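Coordinate inspection notes
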Amino acid sequence: MKKIPTSLPVVAAAITDGEGRLLLHRRPVGKAHAGLWEFPGGKVETNETPRCALVREIAEELGLTLQERDLSPAGIAQCEARGEDTDIVILLYTTSRWTGEPQALEGNEWGWFTAIQARALDKPPLDIQLLDAWAYLKDV
C-alpha cells in the first residue's frame, strides 16, 4: 500500500506598523529553531480555517486582536517531509490593522524591523522564504 503524504498547515502573520516595519518574534526555548526570529503564528487546528487559526495564534502569542477580514494572503513556504516527518506548509497573511499592544505572552522577545533589518536576523529557512514573499509584495 502506498503511503499518502500528509501536510501540517501552519499560518503566519506579516504585521506591519504605520512606518512599514514588520513585527517579528523569537522562537521560544525548547522548540525547534529556538532563538531564531520568525513571523508570529502557529498550527491550524482541526475545524479551524487558516484565518481563524491566525487570529487565535496572534492573540495567544502577542496579545493582539486581528480581524479575519483584514488578513490578506501574502505568500507560502513549504518544507517537504523527509522519512517519517510531515510536510510543513506555512501560509503567510499580511495586515496593518490590529488592536492592542504587542506583549511577549509566551516568554519570547519581539520587535519591529525594517525589511533590511529583518533580512539580517537569524531565521528558520521557511521564514526566509516568507520574508522574500512579503518583501516582494511590499515593493510591487
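What comes next concerns the included structure.

Criteria and cut-off values
Residues numbered from 1 in each chain as written. Predicted model: local features only at pLDDT ≥ 70, side-chain atom pairs only at ≥ 80, totals over all residues. Heavy atoms only, no water. 1 Å grid on protein atoms, 1.4 Å probe; cavity = no way out; pocket = protein on both sides within 12 Å on 5 of 7 lines; lining within 4 Å. Points joined across faces, edges and corners; volume = space filled by probe spheres on them. Helix = DSSP H or I, 4+ residues; strand = E, 2+ residues; numbered from the N terminus. Nonpolar A, V, L, I, M, F, W, Y, C, P; charged D, E, K, R; others polar. Phe/Tyr/Trp six-rings, centres within 6.5 Å; stacked < 30°, edge-to-face > 60°. Buried < 20%, exposed > 50% of the residue type's maximum accessible area, 1.4 Å probe, protein only. Core = buried A, V, L, I, M, F, W, Y, C linked by side-chain atoms within 4.5 Å. Contact = heavy atoms within 4.5 Å. Pairing = 2+ DSSP bridges. Axes fitted to C-alpha atoms, helices over the stretch in contact; angles between N-to-C directions.

Roughly 620 Å³ of internal volume is contained in the largest pocket. V10, R27, E38, I88 and I90 are the residues nearest the centre of the largest pocket, which is lined by 27 residues in total. Going through the elements one at a time, β1 (7–15), β4 (41–43), α1 (50–62), β6 (87–95) and α3 (125–139) are the ones with two or more residues in the lining of the largest pocket. Grouping the constituent residues of the lining of the largest pocket by class yields 15 nonpolar, four polar and eight charged.

Another aspect to go through is the packing of aromatic side chains. With the rule as written, the count across this model stands at two aromatic pairs. Measuring from centroid to centroid gives 5.0 Å for W37 and F113, while their planes differ by 75°, and the two rings are edge-to-face. Here F113 lies in strand β7 (residues 110–113) and W37 lies in strand β3 (residues 37–38), a separation of 76 residues in the sequence. The exposure class assigned to F113 is buried, which follows from its relative accessible area of 14%.

Nonpolar side chains tend toward joint burial in soluble globular proteins. Counting 20 residues, the largest nonpolar core has L22, L24, F39, L92, L130 and W134 as its most contacted members. Among the elements of the structure, β1, β2 (22–26), β5 (72–79), β6, α2 (115–120) and α3 are those that each provide at least two residues to this core. At five residues, α3 tops the list of elements feeding residues into this core. Look past the residues within four positions of L24 in its chain and what remains in contact with it is W37, E38, F39, P40, E109, W110, G111, F113, A118 and L121. The next biggest cluster of nonpolar side chains, apart from the first, holds 14 residues, and it includes A13, I15, L66 and Y93.

Taken in spatial order, the four strands of this open sheet run β4-β1-β6-β5, and their pairing is mixed. One side of each edge strand has no neighbouring strand; the edge strands of this open sheet are β4 and β5. Shown here is a sheet whose adjacent strand axes are inclined to one another by a mean of 20°, direction ignored. Across the face of the sheet, α1 comes into contact with β1, β4, β5 and β6 while running at roughly 120° to β4.

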